[in-house]
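Listed below, chain by chain, are the residues.
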Amino acid sequence: MPHAIAPTATAPTATGHRPRWWTELPLIAVVYALYSVGRLLVRGDVSTAVDHGLAILRLEQALYLNAEHPLNRLFTSTPSLGIPADFAYASLHYAVTPAVLIWMFRRRSALYRSARVWLMNSTLLGLVGFSLMPTCPPRLLDASHGFVDTMAQYSAYGWWGQGASAPRGLSGMTNQYAAMPSLHVGWSLWCGILLWRHGRHPLVRAAGVAYPLLTTVIVMGTANHYFLDAVAGAAVMGAGALLVKPVTRFADQVKAWGAARFPGPVAVLFAAGPPHGSAAAQRPVSGAVSATAPPNVSSGCKTSPGERIPGQRTTSADPPGTAVDGASADGADPAATSDDAPAAAR
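Please read these numbers as outputs of a predicted model, since none were measured by experiment.

(A) Highlighting the overall build of the protein. When helices and strands are counted, the protein shows 13 helices and zero strands. Each helix and strand of the protein, ordered N terminal to C terminal, gives the series α-α-α-α-α-α-α-α-α-α-α-α-α. Among the 346 residues that make up the protein, the fraction classed as buried is 38%. The contacts in the protein between residues at least 6 apart in sequence include a share of 79% that link residues at least 24 apart. Of the roughly 19,300 Å² that the protein leaves accessible, carbon and sulfur atoms contribute 66%.

As structure tokens, then:
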């Protein structure tokens, strides 16, 4: 999957300028706000979500993919594993994902836009999945199905309550049935691919491999997701990567349309390059020739009219005695000025 996604999703786009934080930050904030509000608005019926969760569990058992039960028992019986896993589930996606995005902005600016579009595409596709298939996570199933809510078991050690990663008292501000696909896994895969492809230090690249694998184990061990939720999260990231080029092309067309119809200060929002009047816009291009001052090709060395540089030959098309500029040498003997004449005669 990483090798199939990365070349398309992280190929540099011809933006012609370095991204600007004062336009990027509001854009990311708006998309995340839409995602958060959308999760709340697409709450499905609880009985339907439970039916979907049980259907996924039965399918996994039929395919012998049910790794959630042994992992959940391990995390439940071993606090030294369960507590760190709960902390990781409740916090890492809030910290690592923005950190990788900022790293791409500062260190890989030519690839940043593609990476950001990829992340946004996949996040919005995940929202579509939540609305089409509300799914009850394993921890909210009836206890007869063999799962323990480790977030509730170890809640005294952290800030979360009954709403999984939501802080205590804010469970109503999250949709606990937005489990399919797992964007915890999807976002960690996005981080991992970028770290693997663009990290230079071996430890950074190793973290790119370990982070999505560790996240997949954590979401299953804490009973927050099924294995197929994780698979769906990876599939959503793949679909988001395939949409990077068309979405970027559409965004460029919108920018061009806005710049043409909103002149003046508003055009800065649609500009494809640095704002007019900025240092980058006023900086001369290296090697450019001024349009108002023609180049001095003689480097300051001039000859007066009729003066002939010693040893200079005339062109073969000029008659003997004609200077390079086509004028006849005043008072000069044609035989003396001819190139065929002996040097003493010249």
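(B) Region of the structure containing unusual backbone geometry. Cis rather than trans, the peptide bond between Met180 and Pro181 has omega equal to 0 degrees. Note that Pro181 resides in the loop between helix H7 (150-153) and helix H8 (183-198). Positive phi, close to 65 degrees, is recorded for Ala223, a residue that is not glycine. Tracing the backbone shows Ala223 in the loop between helix H9 (202-221) and helix H10 (227-242). Overall, Ala223 belongs to the buried group, its relative accessible area being 0%.

(C) View of the nonpolar core. The biggest cluster of nonpolar side chains holds 27 residues, and the ones touching the most others in it are Val100, Met104, Trp118, Trp190 and Leu194. When near neighbours in sequence (up to four residues on either side) are disregarded, Met104 contacts Ser109, Leu111, Tyr112, Ala115, Leu194 and His198. Membership of the second largest hydrophobic core comes to 13 residues, among which are Leu71, Tyr89, Ala90 and Trp160.

(D) View of the packing of helix H5 (residues 79-107) against H9. For the pair H5 and H9, the least separation of the axes is 10 Å and the interaxial angle reads 135 degrees. The orientation of H5 with respect to H9, classified from their angle, is oblique. Taken as a pair, H5 and H9 cross one another with a handedness that is left-handed. For the pair formed by H5 and H9, the contact residues are Ala85, Ala88, Tyr89, Leu92, His93 and Val96 on the first element and Tyr211, Ile218 and Val219 on the second. Residue classes in the contact of H5 with H9 are distributed as eight nonpolar, one polar and no charged.

(E) Region of interest: the environment of Val100. Looking at the secondary structure, you find Val100 in helix H5. Judged by its relative accessible area of 5%, Val100 falls in the buried class. Taking C-alpha positions, Val100 is 9.8 Å from Ala115, a pair spaced 15 residues apart along the chain. Other than its neighbours up to four places away in sequence, Val100 contacts Trp190, Cys191, Leu194 and Leu195.

(F) Region of interest: the pattern of salt bridges. Here the structure, examined in full by the defined rule, presents two salt bridges. In this structure, the salt-bridge partner of Arg113 is Asp252, at a minimum N-O distance of 2.8 Å. Of the two residues, Arg113 is situated in helix H6 (residues 109-132) and Asp252 in helix H11 (residues 244-261); the sequence distance between them amounts to 139 residues. You can call Arg113 buried: its relative accessible area is 7%. For Asp252, a relative accessible area of 33% puts it in the partly exposed group. Across the pair Arg139 and Asp149 runs a salt bridge whose closest N-O atoms are separated by 3.1 Å. In this pair, Arg139 sits in the loop between H6 and H7 while Asp149 sits in the loop between H6 and H7, placing the two residues ten residues apart along the sequence. Take Arg139: its relative accessible area is 7%, and that puts it in the buried class.

(G) Looking closely at the side chain of His93. Position of His93 among the secondary structure elements: in helix H5. Residue class for His93 comes out buried when judged on its relative accessible area of 8%. Side chain to side chain, His93 and His184 meet in a polar contact 3.2 Å long. Those residues in contact with His93 that sit more than four places away from it in its chain are Pro98, His184, Trp187 and Tyr211.

(H) A look at a nonpolar patch on the surface. Together, Leu59, Leu63 and Leu65 give the surface a local cluster of nonpolar side chains, amounting to about 240 Å² of exposed area. Looking at where Leu63 falls in the secondary structure, it is placed in the loop between helix H3 (46-62) and helix H4 (68-77). The partly exposed category is assigned to Leu63, whose relative accessible area is 47%.

(I) Seen up close, the confidence of the model for the protein. On average, residues of the protein score 76 in pLDDT, and 63% of them are at 70 or above. Here residues 1-7 is a poorly scored stretch, pLDDT under 50, and it has 14 contacts once near neighbours within four places are set aside; other chains count.

(J) View of the environment of Ile83. Residue position: Ile83 is located in helix H5. Through-space distance from the C-alpha of Ile83 to that of Tyr154 is 6.3 Å; in sequence the pair is 71 residues apart. If sequence neighbours within four positions are ignored, Ile83 has contacts with Tyr154 and Tyr157.

Quick notes on the rules
Residues numbered from 1 in each chain as written. Predicted model: local features only at pLDDT ≥ 70, side-chain atom pairs only at ≥ 80, totals over all residues. Heavy atoms only, no water. Helix = DSSP H or I, 4+ residues; strand = E, 2+ residues; numbered from the N terminus. Buried < 20%, exposed > 50% of the residue type's maximum accessible area, 1.4 Å probe, protein only. Contact = heavy atoms within 4.5 Å. Areas by Shrake-Rupley, 256 points an atom, 1.4 Å probe, with all protein chains shown as cover. Core = buried A, V, L, I, M, F, W, Y, C linked by side-chain atoms within 4.5 Å. Axes fitted to C-alpha atoms, helices over the stretch in contact; angles between N-to-C directions. Parallel < 35°, antiparallel > 145°, perpendicular 65-115°, else oblique. Left-handed = near helix turned anticlockwise from the far one by under 90°. Nonpolar A, V, L, I, M, F, W, Y, C, P; charged D, E, K, R; others polar. Salt bridge = Lys/Arg side-chain N within 4 Å of Asp/Glu carboxyl O. Polar contact = N/O pair within 3.5 Å; in protein donor to acceptor, adjacent residues only side chain to side chain. Patch = residues over 30% accessible without salt bridge, like charges linked within 9 Å, V, L, I, M, F, W, Y side chains within 5 Å. pLDDT = per-residue confidence, 0-100.

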